[in-house]
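Fold and geometry: a report
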Amino acid sequence: MKKYISIFALTLGLCLGFASCNTETDEPAGGTAVEKMAGHWVVVADIIENGEVDEDPYGIGQWDMYTYNTANDDADQMWLSDGNNFWGYTIKVPIDLNAKTFSCQKVYIYDSDAGEEFCTITDGKIIENGGKNVNGMPTDAIEYKIEFTDDPGTIYYIHGVRYAGF
């Protein structure tokens, strides 16, 4: 009988112990200041020369890139990174959160293998439901033009859609 009482007491104690560790609150999880523009994107790079578009001139095809908040969670800038899939750039770009646009003039490239390198971005924007994912469903699109100081005069047109997980 003592054995059953001991097991019951131990079980009751463990149940109360686990129940008292519940830290769940009614607080909703917060987002970041740039969450409307942040994301994982599947893009391609074309070259614009003399107003003509040369589609995927290097034969890279689609690649992953990322936009995300800064460490200070600033609402007026975000990180833009090609994930070392294209040129090897990670840059901090000023944004207009309401218009979902971004551009910059001669900003430092943090991941450059070429040493001290800069780039300029123009016409950067995120278009809500501006593209279609692999299943044909509407999803956000991203596009911008970028020029690198080690390749002056060549304007790359980066464009694609938000990664759907497929």
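The structure this text deals with has already been given above.
Attention here is on the structure that accompanies the text. (Residues numbered from 1 in each chain as written. Predicted model: local features only at pLDDT ≥ 70, side-chain atom pairs only at ≥ 80, totals over all residues. Heavy atoms only, no water.)

Another point: the packing of aromatic side chains. This model, assessed by the stated rule, comprises twelve aromatic pairs. Centroid distance tryptophan 87 to tyrosine 156: 5.3 Å. Interplanar angle 55°. Geometry classified as tilted. Note that tryptophan 87 is positioned in the loop between β4 (77–81) and β5 (90–96) and tyrosine 156 in strand β9 (residues 155–162), a separation of 69 residues in sequence. Cluster of aromatic residues (ring-pair linked, three or more members): Tyr58, Trp63, Phe86, Trp87, Tyr89, Phe148 and Tyr156. (Phe/Tyr/Trp six-rings, centres within 6.5 Å; stacked < 30°, edge-to-face > 60°. Helix = DSSP H or I, 4+ residues; strand = E, 2+ residues; numbered from the N terminus.)

Core analysis: the biggest nonpolar cluster contains 29 residues, and Tyr89, Phe102, Tyr144 and Ile158 have the highest contact counts within it. Counting only elements with at least two residues in this core, the list comes to β1 (39–49), β3 (63–68), β4, β5, β6 (101–108), β7 (118–132), β8 (138–148) and β9. In contact with isoleucine 158, other than residues within four places in its own chain, are Val43, Val44, Ala45, Trp63, Met65, Phe86, Tyr89, Ile142, Glu143, Tyr144 and Ile146. (Core = buried A, V, L, I, M, F, W, Y, C linked by side-chain atoms within 4.5 Å. Buried < 20%, exposed > 50% of the residue type's maximum accessible area, 1.4 Å probe, protein only. Contact = heavy atoms within 4.5 Å.)

Along the chain, alanine 45 turns up in strand β1. Given a relative accessible area of 4%, alanine 45 falls into the buried group. Once the C-alpha coordinates of alanine 45 and isoleucine 60 are considered, the two residues, 15 residues apart in sequence, prove to be 8.0 Å apart. Other than its neighbours up to four places away in sequence, alanine 45 contacts Asp56, Pro57, Trp63, Phe86, Tyr157 and Ile158.

Moving on: the state of the cysteines. What we call a disulfide is simply a covalent bond connecting the sulfur atoms of a pair of cysteines. Under the counting rule described, the total for this entry stands at zero disulfides. In this model cysteine 119 remains outside any disulfide bridge; the closest cysteine sulfur is found in cysteine 104, 5.2 Å from its own. (Disulfide = S-S within 2.5 Å.)

Turning to the pattern of salt bridges, a few remarks are in order. Taken as a whole, this structure holds four salt bridges when the rule is applied. Lysine 125 serves as the salt-bridge partner of glutamate 143, at 3.6 Å between the closest nitrogen and oxygen. Separated by 18 residues along the polypeptide, glutamate 143 in strand β8 and lysine 125 in strand β7 bring together distant segments of the chain. On the accessibility criterion, lysine 125 (33% relative accessible area) is partly exposed. (Salt bridge = Lys/Arg side-chain N within 4 Å of Asp/Glu carboxyl O.)

This part covers the environment of isoleucine 95. Relative to the assigned elements, isoleucine 95 resides in strand β5. It is 7.9 Å that separates the C-alpha atoms of isoleucine 95 and alanine 75, two residues lying 20 residues apart in sequence. Non-local contacts of isoleucine 95, meaning those with residues more than four positions away in its chain, are made with Val34, Met37, Ala75, Asp76, Gln77, Met78, Thr101 and Phe102.

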